[in-house]
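If you want the building blocks of each chain, they are given just below.
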Amino acid sequence: MASTLEKTRISDAEMEQRRRLVNSADHSNAMEGLKRDPATDHIFEAFIRGEIEASDIVPMLKEFRAANG
């Protein structure tokens, strides 16, 4: 029987697409003068790896911000 991790693994192509989405968002934010805090990289990397969905990012960022002020 496959482990949960194996069942939820996304394809390399999906990971690349997610990486492009994150990079595009970073670029758009930079155009507005905003820069992502490197301390939040783990959240975006979890999205890229398929461990979380896009809808999880904002709540996780808010939680991180509340915990780290």
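Residues numbered from 1 in each chain as written. Predicted model: local features only at pLDDT ≥ 70, side-chain atom pairs only at ≥ 80, totals over all residues. Heavy atoms only, no water.

- For the protein chain, the name recorded in an unreviewed UniProt entry is Antitoxin VbhA domain-containing protein, with Martelella mediterranea as its organism.

**Notes on the overall build of the protein chain**
Part 1: A tally of regular secondary structure across the protein chain gives four helices and zero strands.
Part 2: Each helix (α) and strand (β) of the protein chain, taken in turn from the N terminus, gives the series α-α-α-α.
Part 3: For the protein chain, with 69 residues in total, the buried portion stands at 19%.
Part 4: Expressed as a percentage of contacts within the protein chain between residues at least 6 apart in sequence, the contacts between residues at least 24 apart total 47%.
Part 5: Put simply, the protein chain shows about 5400 Å² of open surface, and 55% of that area lies on carbon and sulfur atoms. (Helix = DSSP H or I, 4+ residues; strand = E, 2+ residues; numbered from the N terminus. Buried < 20%, exposed > 50% of the residue type's maximum accessible area, 1.4 Å probe, protein only. Contact = heavy atoms within 4.5 Å. Areas by Shrake-Rupley, 256 points an atom, 1.4 Å probe, with all protein chains shown as cover.)

**Some thoughts on the packing of helix 3 (residues 41–49) against helix 4 (residues 54–68)**
Part 1: One way to put it is that helix 3 packs onto helix 4 with a least axis distance of 10 Å and a crossing angle of 165 degrees. Classed by the angle they form, the pair helix 3 and helix 4 counts as roughly antiparallel. Read as a crossing pair, helix 3 and helix 4 show a hand that is right-handed. In this structure, helix 3 uses His42, Ile43, Phe44 and Phe47 to contact helix 4, whose residues at the interface are Ala54, Ile57, Met60, Leu61 and Phe64.
Part 2: Counted by class, the contact of helix 3 with helix 4 contains eight nonpolar, one polar and no charged residues. (Axes fitted to C-alpha atoms, helices over the stretch in contact; angles between N-to-C directions. Parallel < 35°, antiparallel > 145°, perpendicular 65-115°, else oblique. Left-handed = near helix turned anticlockwise from the far one by under 90°. Nonpolar A, V, L, I, M, F, W, Y, C, P; charged D, E, K, R; others polar.)

**What about the side chain of arginine 18?**
Part 1: With respect to the helices and strands, the residue arginine 18 is situated in helix 2 (residues 12–31).
Part 2: Judged by relative accessible area, which is 6%, arginine 18 ranks as buried.
Part 3: Among the polar contacts made by the side chain of arginine 18, one reaches the main-chain carbonyl oxygen of phenylalanine 47 at a distance of 2.7 Å.
Part 4: Only 3.1 Å separates the side chain of arginine 18 from the backbone oxygen of isoleucine 52, close enough to count as a polar contact.
Part 5: Leaving out residues up to four positions away in the same chain, arginine 18 has contacts with Ile10, Phe47, Ile48, Gly50, Ile52 and Glu53. (Polar contact = N/O pair within 3.5 Å; in protein donor to acceptor, adjacent residues only side chain to side chain.)

**Looking at the packing of aromatic side chains**
Part 1: Within the structure shown, the criterion is met by zero aromatic pairs.
Part 2: Looking at arginine 36, its charged tip hangs above the ring of phenylalanine 44, at a distance of 4.4 Å from the centre. (Phe/Tyr/Trp six-rings, centres within 6.5 Å; stacked < 30°, edge-to-face > 60°. Lys NZ or Arg CZ within 6 Å of the ring centre and 35° of its normal.)

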